[in-house]
Amino acid sequence: MPDTTQQEAGRGLWCGFAAYGIWGLFPLFWPLLEPGAADDILANRMVWSLVAVVLMLVVQRHWGWIRPLLRQPRRLAMLGAAATVISINWGVYIWGVNTGHVVETSLGYFINPLVTIAFGVLVLKERLRRAQWVAVGIGALAVVVLTIGYGRLPWIALTLAFSFATYGLLKKKVGLSGLESLAAESAFMFPFALGYLVYLEVAGRGTFGHTAPGEYGWGHTGLLVLSGVITAVPLLLFGTAAVRVPLSVLGLLQYLAPVFQFLIGVTVFHESMPTARWAGFTLVWAALAVLTWDALRRVRADRARSSAAAVATSAAGATPATAAAAAAGPADTVPVRP
């Protein structure tokens, strides 16, 4: 019978599959909210996300992080910036899906790891390994090919990739868990979203609660409320996975979402994929293959050093820190990316 550690790892793996699976199936959900416009759907998602996450915090009785956060203006400012950036990401994604650009939205999340690496160089002054430079170069070539294929810059994909990379950078600096971060960001967005919903109602463009005959019905209103739940639940699942499975596994799981989105765009919505677009996507996938190979190679090397350190400690009676340094050899000047 598997021990507790194996059970926890298995639970984490299934939670990771579930989180990325839900994100990957998002293109099937947002069209259900039509004829609501993207701005109406986005505002409702912001409002109901806060309701959903507050209910989760109530169940978990997890409030202790709020008071210390309120005493840190710099972190609050970064959370406000993160809320702004993720709002742009959500809005562009919903608009892209509901206007027939599902494949291009998937492209945004395929190239997001490459943009994140570029941010590491430009913002965090990190030094990249050769394989990472190769991947970034292939990714840049892919954008050129896709620009030719689309007849325009793939701005939906680039907006999603850059906004989510910026969001990740801000979240890294803030240092909150997924649920805590979503709660704080939703709190920032809530008054603006609620005010905008009121404006839409006054302007006659709102769809929430319009249940009279000939209007949208209770089903539409229920789906708008559900948008908050499906925003919060995968984040909770991801948080469960993140503390139970290795980062290398999470790094592989992250490709599930754009793969599902791409397949939905091609097979369900029958979006056009001319030769130039296939060529561009193939280049992106090649870049991601290089990144994955490099990450797995790095994990194996780190494990080998750890094993050598343990052997050296056992054989020589050295302290673990000393043995690890000896086994590693010369200092590695290239930081390990998670």
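The preceding data block contains the structure.
Presented here is an overview of the structure given in this document. (Residues numbered from 1 in each chain as written. Predicted model: local features only at pLDDT ≥ 70, side-chain atom pairs only at ≥ 80, totals over all residues. Heavy atoms only, no water.)

Considering the packing of helix α6 (residues 102-122) against helix α7 (residues 130-150)
Item 1. α7 packs onto α6 with a crossing angle of 145° between their chain directions and a minimal axis gap of 10 Å. In this structure, the crossing between α6 and α7 has a hand that is left-handed. Residues Val103, Glu104, Leu107, Leu114, Ile117 and Val121 of α6 touch α7, and the partners they reach there are Trp133, Ala135, Val136, Gly139, Leu146 and Tyr150.
Item 2. Within the contact of α6 with α7, the residues separate by chemical class into 10 nonpolar, one polar and one charged. (Axes fitted to C-alpha atoms, helices over the stretch in contact; angles between N-to-C directions. Helix = DSSP H or I, 4+ residues; strand = E, 2+ residues; numbered from the N terminus. Left-handed = near helix turned anticlockwise from the far one by under 90°. Contact = heavy atoms within 4.5 Å. Nonpolar A, V, L, I, M, F, W, Y, C, P; charged D, E, K, R; others polar.)

Description of the packing of aromatic side chains
Item 1. One pass over the structure, following the stated rule, counts 20 aromatic pairs.
Item 2. Seen in terms of ring centroids, Tyr93 and Tyr109 are 6.0 Å apart; in terms of plane orientation they differ by 65°. Their pairing is edge-to-face. Here Tyr109 lies in helix α6 and Tyr93 lies in helix α5 (residues 73-98), a separation of 16 residues in the sequence.
Item 3. When its relative accessible area of 4% is taken as the criterion, Tyr93 is described as buried.
Item 4. Given the relative accessible area of 19%, Tyr109 is considered buried.
Item 5. Directly above the ring of Trp90 sits Arg45, whose terminal nitrogen or CZ lies 4.0 Å from the centroid.
Item 6. Positioned above the aromatic ring of Trp293 is the side chain of Arg297, whose terminal nitrogen or guanidinium carbon lies 5.1 Å from the ring centre. (Phe/Tyr/Trp six-rings, centres within 6.5 Å; stacked < 30°, edge-to-face > 60°. Buried < 20%, exposed > 50% of the residue type's maximum accessible area, 1.4 Å probe, protein only. Lys NZ or Arg CZ within 6 Å of the ring centre and 35° of its normal.)

Considerations on a nonpolar patch on the surface
Item 1. Residues Leu25, Leu28, Val259, Phe260, Leu263, Val268 and Phe269 make up a contiguous nonpolar surface patch of roughly 540 Å² in combined accessible area.
Item 2. Broken down by element, the residue count for the nonpolar patch peaks at four residues, all from helix α12 (residues 256-268).
Item 3. With relative accessibility at 31%, the residue Phe260 sits in the partly exposed group. (Patch = residues over 30% accessible without salt bridge, like charges linked within 9 Å, V, L, I, M, F, W, Y side chains within 5 Å. Areas by Shrake-Rupley, 256 points an atom, 1.4 Å probe, with all protein chains shown as cover. Salt bridge = Lys/Arg side-chain N within 4 Å of Asp/Glu carboxyl O.)

Quick notes on unusual backbone geometry
Note on backbone geometry: most residues besides glycine have negative phi, and most peptide bonds are trans.
Item 1. For the peptide bond that leads from Glu34 to Pro35, omega is 15°, which places it in the cis range.
Item 2. Mapped onto the elements, Pro35 comes out in the loop between α2 (26-29) and α3 (38-60).
Item 3. In this structure, Arg61 is a non-glycine residue whose phi angle is positive, near 50°.
Item 4. Its relative accessible area of 74% is what places Arg61 among the exposed residues.

With respect to the pattern of salt bridges
Item 1. Tallying each qualifying case throughout the model produces four salt bridges.
Item 2. The partner of Arg129 in a salt bridge is Asp294, and the shortest N-O contact between them spans 2.8 Å. Note that Arg129 is positioned in the loop between α6 and α7 and Asp294 in helix α13 (residues 275-316), a separation of 165 residues in sequence.
Item 3. By relative accessible area, which is 10% here, Arg129 ends up buried.
Item 4. Judged by its relative accessible area of 1%, Asp294 is buried.
Item 5. For Asp294, the salt bridge is made with Arg297, and the minimal N-O distance between the two is 2.7 Å. In this pair, Asp294 and Arg297 both sit in helix α13, three residues apart, roughly one turn of the helix.
Item 6. Salt bridges sharing common partners tie together Arg129, Asp294 and Arg297.

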